[in-house]
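Given next are the chains, with one letter for each unit.
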Amino acid sequence: MDIAALKTDLAGLQIEVNPRIVQQKSRDFYWYSPVLKRQLDSVVADVVATPRNLDELLYILGSCWRNDVPVTVRGAGTGNYGQAMPLAGGLVLDLSGMARILSIEPGRVIAEPGAILADIDAAARASGQELRLSPSTYHTASIGGFVAGGSGGVGSIRWGGLRDAGNIIRLRLAAMDGTVGSLIDLTGPDIAKASHAYGTTGIITEVEMPLAPAYDWVDMIMSFPTLEGAIRCGEALAAADGLLLKNVAVMDASVTPYFKRHAGYLTAGEAVVVVMAAPFAAGDVVHLGRHAGGRVVFRSDAEAPETLKKLPAAFELCWNHTTLRALRVDPSITYLQVLYPQPDICGKVLKIAELLGEEAPTHLEFVRFDGAVGCFGLPLLRYTSEERLDEIVALHEAHGCPIFNPHRYTLEEGGMKQTDATQLAFKKRADPKGLLNPGKMIAWDQPDFDYGKPYLFPSLSV
Ligand code: FAD
């Protein structure tokens, strides 16, 4: 790669070469994993470019093509698996400057990739709409980064995940093939060529997403004397087809001490269910919770606005924000991503909880999964060694609970994306030199690589 020629070429555009800033922009939240921290700590780009519009973006890509410079896209850099880290150096393409919301219509929004999710919702609110899905990093993450690196989150209890047909309407991609202006629109099943591909198959320059009706969601916390009661309640809520909910999570008693700002509402030794409910559904949530042996200890619609200002939103207790709260107190904590399949989700969770005890306090997120109630676990993990981590992964698998390993930086080993023949053929067309986020797709270098485990995002080949 010819970085000097690239820099000369990009003079006049917004580029950054200050080593400290370049290092900052070469990082994401990889440090959640002690394994990735060890492996990726020294990863750094040579230069960061921040295009302000599509023409600048295409010019930068053209220059990188001519000078053989690898390109790693950065949305907001909140990914957890080193996804946005430039393993081969080169250029970090910071898309925070392309954040316009282009149109909002009934049921759909079109935005530039750098648009922040909360900003999209703020704009959609004028027409009574909001995004179906968002990560718990809603206030900081970009829509392009969510589509290219995320999987689901808040809203998945109703809408499933980004992997599901209909949750992304259209993606526009800039290819890295030397033909400036080569844009590809992906719709239908083709969307999977770029969704959760870490920017290895093209740069997403425009996103069209479905919208749902917006509500003033009520944040609720229910407390339970036993973990089993909380899980049964979570399952019942997730299965209640008539209840309009946006999130249902369960945390065991040893997780809640990390919810510092909610401490006044929580009872030591009790598990909790954290729910986001539409205002008209909140009463039924209370009944279902009582039926499962719990009681409501917090409702946002019963609190004064000044109190609410001091508290994080319920979704910021959930998903990977649960891990973040624990990590802030105890930096040795990390986490796992587990799928507890049907049938008998509760039995599987309790069995693993019994086997691992305080080493892996339970945290569950209920979702809609392949048309039924599904349950992901993001247990906190009191980390001791990589060997023990591998044992814990194997233990889950031995009990029929697949792991989507957050301690791996490749698409395949994370268990998310299957880079099958169709995906590879698309990358060969869109990125023939292999300049996009090199090192993240094993199949690019080893086409016969067989991970041999289930993937979250299904195969593209039919
Ligand atoms: P980045 O981290 O910048 O990028 C993510 C990946 O996408 C990278 O590989 C990057 O190269 C690629 N990329 C970014 N923009 C583009 C583009 N325009 N074209 C092509 N490739 C691109 N994730 C969830 O799915 N659900 C959650 O609930 C969730 N909760 C989280 C909570 C915490 C506390 C943290 C730290 C992370 C969480 N995440 C979650 C992970 C992450 O925040 C989300 O996936 C988020 O949407 C990523 O957006 P970003 O803009 O930060 O992307």
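If you're wondering where the values come from, they're calculated on a predicted model, not measured in any experiment. (Residues numbered from 1 in each chain as written. Predicted model: local features only at pLDDT ≥ 70, side-chain atom pairs only at ≥ 80, totals over all residues. Heavy atoms only, no water.)

Student: Would you mind going over the pairing of strand 6 (residues 108-111) in detail, with residue names and values included?
Tutor: In terms of strand pairing, strand 5 (residues 101-105) meets strand 6 through 4 bridges, oriented antiparallel. By the bridge assignment for strand 6, Ser103 is matched with Ile110. Here strand 5 hands over to strand 6 after 2 residues, with Gly107 in that stretch at a positive phi of 85 degrees. Looking at chain direction, strand 6 and strand 10 (residues 203-213) are connected through 4 bridges and run antiparallel. Residue pairing for strand 10: Val109 is matched across the bridge by Met209. (Pairing = 2+ DSSP bridges. Helix = DSSP H or I, 4+ residues; strand = E, 2+ residues; numbered from the N terminus.)

Student: Can you explain the site of the ligand? Please cite residues and give values.
Tutor: The environment of the ligand is made up of 37 residues, and the closest members are Val73, Gly75, Thr78, Ser142 and Gly152. Within the backbone of Gln83, a nitrogen or oxygen atom sits 3.0 Å from an oxygen atom of the ligand. The contact in question runs from an oxygen atom of the ligand to an N or O atom on the side chain of Ser142, over 2.6 Å. Out of a free accessible area of 970 Å², the ligand has 97% covered by protein chains. Going through the elements one at a time, strand 3 (71-74), helix 6 (143-149), strand 10 and helix 11 (319-329) are the ones with two or more residues in the shell around the ligand. Of all the elements, helix 6 adds the most residues to the shell around the ligand, at 5 residues. Grouping the constituent residues of the shell around the ligand by class yields 15 nonpolar, 21 polar and 1 charged. (Near = heavy atom within 4 Å. Polar contact = N/O pair within 3.5 Å; in protein donor to acceptor, adjacent residues only side chain to side chain. Areas by Shrake-Rupley, 256 points an atom, 1.4 Å probe, with all protein chains shown as cover. Nonpolar A, V, L, I, M, F, W, Y, C, P; charged D, E, K, R; others polar.)

Student: Help me get a handle on the domain arrangement of the protein chain, residues and values and all.
Tutor: When the domains of the protein chain are assigned, the result is domain 1 (1-214 + 416-462) and domain 2 (218-398). Averaged C-alpha coordinates put domain 1 and domain 2 at centres separated by 29 Å. Taken together, the contact pairs 26 residues of domain 1 with 31 residues of domain 2. The largest share of the area that domain 1 buries against domain 2 comes from Tyr32, Ser136 and Ile157, three residues that together contribute 33% of it. Taken together, the connections running from domain 1 to domain 2 amount to 3 salt bridges. Glu386 serves as the salt-bridge partner of Arg38, at 2.8 Å between the closest nitrogen and oxygen. Summed over the shared surface of domain 1 and domain 2, the number is 10 residue pairs in polar contact (both at pLDDT 80 or more). Of all elements in the fold, only helix 3 (34-40), strand 7 (129-131) and helix 7 (156-159) reach the threshold of two or more residues within the side of domain 1 that touches domain 2. (Domains from an automatic or database assignment. Contact = heavy atoms within 4.5 Å. Buried area = accessible area lost by both parts, 1.4 Å probe. Salt bridge = Lys/Arg side-chain N within 4 Å of Asp/Glu carboxyl O.)

Student: I'd like to hear about the environment of Leu133, residue by residue, with values.
Tutor: One can find Leu133 in the loop between strand 7 and helix 6. Judged by its relative accessible area of 5%, Leu133 falls in the buried class. A C-alpha to C-alpha distance of 6.4 Å links Leu133 and Ser156, two positions 23 residues apart in sequence. (Buried < 20%, exposed > 50% of the residue type's maximum accessible area, 1.4 Å probe, protein only.)

Student: Lay out helix 1 (residues 3-10) with the relevant residues and their values.
Tutor: Residues of helix 1 that are buried: Ile3, Leu6 and Leu10. Projected down its long axis, helix 1 shows its buried positions confined to an angular sector of 55 degrees, all on one face. Looking at helix 1, the residues exposed on the side facing more than 90 degrees away from the buried face are Ala4 and Thr8. Capping the start of helix 1, Asp2 holds a side-chain oxygen 3.4 Å from the backbone nitrogen of Ala4, two or three residues further along. Remark: Gly12 follows helix 1 within two positions and exhibits a positive phi of approximately 100 degrees. (Arc of directions from axis to C-beta.)

Student: So what about the pattern of salt bridges? Which residues, and what values?
Tutor: Considering all chains together, one arrives at 28 salt bridges under this definition. Ionic pairing is found between Arg170 and Glu206, a salt bridge with its closest N-O pair at 2.7 Å. Placement of the pair is Arg170 in strand 8 (residues 170-174) and Glu206 in strand 10, with a sequence separation of 36 residues. The two residues Arg170 and Glu206 agree in class, both being buried. As a salt-bridge pair, Glu354 and Lys351 come within 3.8 Å of each other at their nearest N and O atoms. With Glu354 and Lys351 both in helix 12 (residues 345-356) and 3 residues apart, this pair spans about one turn of that helix. You can call Glu354 exposed: its relative accessible area is 60%. For Lys351, a relative accessible area of 33% gives the class partly exposed. Three or more residues joined by partner-sharing salt bridges are found here, namely Arg108, Arg170, Arg172, Asp185, Glu206 and Glu208.

Student: Lay out the sheet that holds strand 18 (residues 372-377) with the relevant residues and their values.
Tutor: Ordered in space as 14-11-13-12-17-18-16, the 7 strands form an open sheet in which the pairing is antiparallel. Strand pairing shows two members of the sheet lacking a second neighbour, strand 14 (295-299) and strand 16 (338-340), which therefore form its edges. In this sheet, neighbouring strand axes are inclined to one another by 25 degrees on average, regardless of whether the strands run parallel or antiparallel. The pairing of strand 17 (residues 363-369) with strand 18 spans 6 bridges and is classified as antiparallel. Residue pairing for strand 18: Glu365 is matched across the bridge by Phe376. Where helix 9 (residues 282-291) meets the sheet, it contacts strand 11 (218-224), strand 12 (245-251), strand 13 (271-277) and strand 14, and its direction lies at approximately 10 degrees from that of strand 11. Lying on the sheet, helix 12 is in contact with strand 16, strand 17 and strand 18; it crosses strand 16 at an angle near 135 degrees. (Axes fitted to C-alpha atoms, helices over the stretch in contact; angles between N-to-C directions.)

Student: Describe unusual backbone geometry, listing the residues and the values that go with them.
Tutor: Of note, the bond from Gln342 into Pro343 is cis; its omega dihedral lies within 30 degrees of zero at -10 degrees. Secondary-structure assignment places Pro343 in the loop between strand 16 and helix 12. A positive phi angle, near 60 degrees, is found at Asp344, a position not held by glycine. Counting through the fold element by element, Asp344 comes out in the loop between strand 16 and helix 12. Non-glycine residue Asp370 carries a positive phi angle of around 50 degrees. Considering the arrangement of structural elements, one finds Asp370 in the loop between strand 17 and strand 18.

Student: So what's going on with the sheet that holds strand 2 (residues 47-49)? Which residues, and what values?
Tutor: Across the sheet, 4 strands lie side by side as 1-2-4-3; this open sheet has mixed pairing. For this open sheet the edge positions go to strand 1 (15-16) and strand 3, each flanked by a neighbour on one side alone. As defined by bridge partners, strand 1 adjoins strand 2 across 2 bridges and the pair is classed as antiparallel. Residue pairing across strands places Ile15 opposite Ala49, the latter belonging to strand 2. The strands touched by helix 4 (residues 54-66) within the sheet are strand 2, strand 3 and strand 4 (91-94), with strand 4 carrying the most contacts at an inclination of about 170 degrees.

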